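Listed here are the chains, written in short residue letters.
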Amino acid sequence: MTQTSFYIISDTYSSNTALMAQKDVCRTKNRRKSIVFLGISIVICCIIFAKKSEKSDELIHSSPLRHERDPIHAILKNSCSHFFCRCMITGSSKKTRIEYDISSKPVRWEEVLTLNEKLGFGKPSFELGVHGLPCRNIDGSISCCSTRLLIRPGTSDIKVFKHIFKDGEYSFLYDLKYQPRMILDAGANCGFASILFALLFPKAKIVALEPSPDNFQALIQNVDMASLNSRIEAKKIGLWYRTSYLSLQMKGKDIKDMKQESAKWSVRVSETRDKTATVGMSIDRIKVDSAYNEFDYVKIDIEGAENEVFGRGKLNWLSHVRLLSIEMHDKHVAGVTQMIINIIAKSLLHNLRTRPIPCAEYYVWFSPDVYDSELGSNTCFVNGTTRAVLNSKLKGH
């Protein structure tokens, strides 16, 4: 017969030992519970973060932000949570590290070039995401943001993209002391510059002029993709010194017969009597048609037509301009750069500094209140490197 024994612990030592053993068991159980609870918490946090990342991906990689009252504010508010977006702004030079993606897959710039070359001219456009762009919040503070753009393979789109976003062609806008409210982008091409202006100046309205039918269609698509239709007004017209009809040409041939890549890069215009042709307008007429009283920033890149705009047109519009950037085309019209510099220097219709600043492919004129008094803090980017172009020596010019 098996005898069951019961042991009664009566001495103090044994009682304490048993009590400590029980406490150790409780601590072990509590520790296990804590570890399990911590693990569950981590899993829950990961799930929540993943959902937020998915929403962010949807924001950047799918439909434009049509549900937002201010699409740029929404981009600034949400896009930098995306793991691609790492905007580095250091000191006054505003250096940034740009990241790219195709179909939501991160790629290097060399891969973008390879894809563009592999697809070739005439193939459907592909979407290129660019992240880490310098831009401004509504309150004017510098931030970073992301956007998506359409690239037409085999065209100049990839070169324009490189100049604007990779090389920082418009870096002279990064240090502006004020935010332009009305911007004229004459020669908007596929819309990349207009979109950058909208990112940099969230309170600005932009009128984008492009006479080429193919480029204009790309402009419309890119503006729509960025959900900036309410802020960028695209017009299929060319900047000219008067209202006229313009024929679009490349090396003397009508652009309708041109299929090579260069036709989309450099389109020249001249007057024609064909009333079905593209309309050309002066800046004063464009202001009236757009119901804008003035443009405080005017960007001009019109492949040699600047010769007519400044050489034969009225310059009343200069009276309200605080910043002017012009890409000169002496290769098309010999001596046009010096002619325009002299005309602006002698004109009394503006308060711009008479001496322009060479910045990348542009000459830049600005009023004294555009930049800080210490001009040495402002810089230009040229081919990815920083070059100081605004310095105290310019004072008084």
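Keep in mind that this is a model prediction, so the values were computed, not measured.

J.: I'm lost on the overall build of the protein in this one. Help?
T.: If you tally the helices and strands in the protein, you get nine helices and 18 strands. Burial statistics for the protein: of 397 residues in total, 49% are counted as buried.

J.: What should I look at first to understand the state of the cysteines in this one?
T.: When the sulfur atoms of two cysteines share a covalent bond, that bond is a disulfide. Scanning the model with the defined rule gives one disulfide in all. Residue pairing for Cys135: its cysteine sulfur links by disulfide to Cys145, the two sulfurs lying 2.3 Å apart. Of the two residues, Cys135 is situated in strand E3 (residues 126-136) and Cys145 in strand E4 (residues 142-151); the sequence distance between them amounts to 10 residues. Cys145 gets classed as buried once you look at its relative accessible area, which sits at 0%.

J.: Help me understand the packing of aromatic side chains, please; the structure alone is not making it clear to me.
T.: Two measures describe an aromatic ring pair: the distance that separates the ring centres and the angle between the ring planes. A complete count under the given rule lists 13 aromatic pairs for this structure. Judged by centre distance (5.8 Å) and plane angle (40 degrees), the rings of Trp240 and Tyr241 are tilted. In this pair, the class of Trp240 matches that of Tyr241, namely buried. A centroid spacing of 6.2 Å and a plane angle of 80 degrees characterise the contact between Tyr292 and Phe295, whose relative ring orientation is edge-to-face. For the pair Tyr292 and Phe295, one class covers both residues: buried. Between Arg322 and the ring centre of Tyr178, over which it is positioned, the NZ or CZ distance is 3.9 Å.

J.: Is there a simple way to explain the sheet that holds E3 in this structure?
T.: Think of a sheet as strands paired side by side through backbone hydrogen bonds, with each pair either parallel or antiparallel. Read from one edge of the open sheet, four strands run E2-E1-E3-E4, paired in antiparallel fashion. In the strand order of this sheet, the two ends are held by strand E2 (105-107) and E4, each with one partner. Geometrically, the sheet is characterised by an average inter-axis angle of 30 degrees between neighbouring strands, direction not taken into account. Of the pairings in the sheet, the one linking strand E1 (residues 99-102) to E3 comprises three bridges and is antiparallel in character. Bridge assignment links Asp101 to a residue of E3, and that residue is Gly129. Contacting E1, E3 and E4, helix H4 (residues 157-166) runs over the sheet at an angle of about 180 degrees to E4.

J.: What exactly am I supposed to notice about the nonpolar core here?
T.: Soluble globular proteins tend to bury their nonpolar side chains together. Among the nonpolar cores identified, the biggest contains 56 residues, and Tyr100, Phe161, Tyr170, Phe172, Leu173, Phe192 and Leu323 are the most heavily contacted of them. In terms of residues, this core owes the most to one element, helix H5 (residues 192-200), which gives eight residues. In contact with Tyr170, not counting residues within four places along its chain, are Ile164, Ala193, Leu196, Phe197, Tyr297, Lys299 and Tyr362. In terms of nonpolar packing, the next biggest core, distinct from the first, is built from 37 residues, Ala186, Leu239, Ile302 and Ala305 among them.

J.: Is there a simple way to think about the pattern of salt bridges in this case?
T.: Pairing between side chains of opposite charge can happen when their charged atoms approach one another. Taken as a whole, this structure holds 12 salt bridges when the rule is applied. Between Arg108 and Glu111 there is a salt bridge, with the nearest N and O atoms lying 3.8 Å from each other. Overall, the relative accessible area of 52% leaves Arg108 in the exposed class. Here Glu111 falls in the partly exposed class, since its relative accessible area comes to 33%. Shared partners join several salt bridges into a network, and the residues in it are Asp101, Glu127 and Arg148.

Here is what the cut-offs are and how they apply
- Residues numbered from 1 in each chain as written.
- Predicted model: local features only at pLDDT ≥ 70, side-chain atom pairs only at ≥ 80, totals over all residues.
- Heavy atoms only, no water.
- Helix = DSSP H or I, 4+ residues; strand = E, 2+ residues; numbered from the N terminus.
- Buried < 20%, exposed > 50% of the residue type's maximum accessible area, 1.4 Å probe, protein only.
- Disulfide = S-S within 2.5 Å.
- Phe/Tyr/Trp six-rings, centres within 6.5 Å; stacked < 30°, edge-to-face > 60°.
- Lys NZ or Arg CZ within 6 Å of the ring centre and 35° of its normal.
- Pairing = 2+ DSSP bridges.
- Axes fitted to C-alpha atoms, helices over the stretch in contact; angles between N-to-C directions.
- Contact = heavy atoms within 4.5 Å.
- Core = buried A, V, L, I, M, F, W, Y, C linked by side-chain atoms within 4.5 Å.
- Salt bridge = Lys/Arg side-chain N within 4 Å of Asp/Glu carboxyl O.

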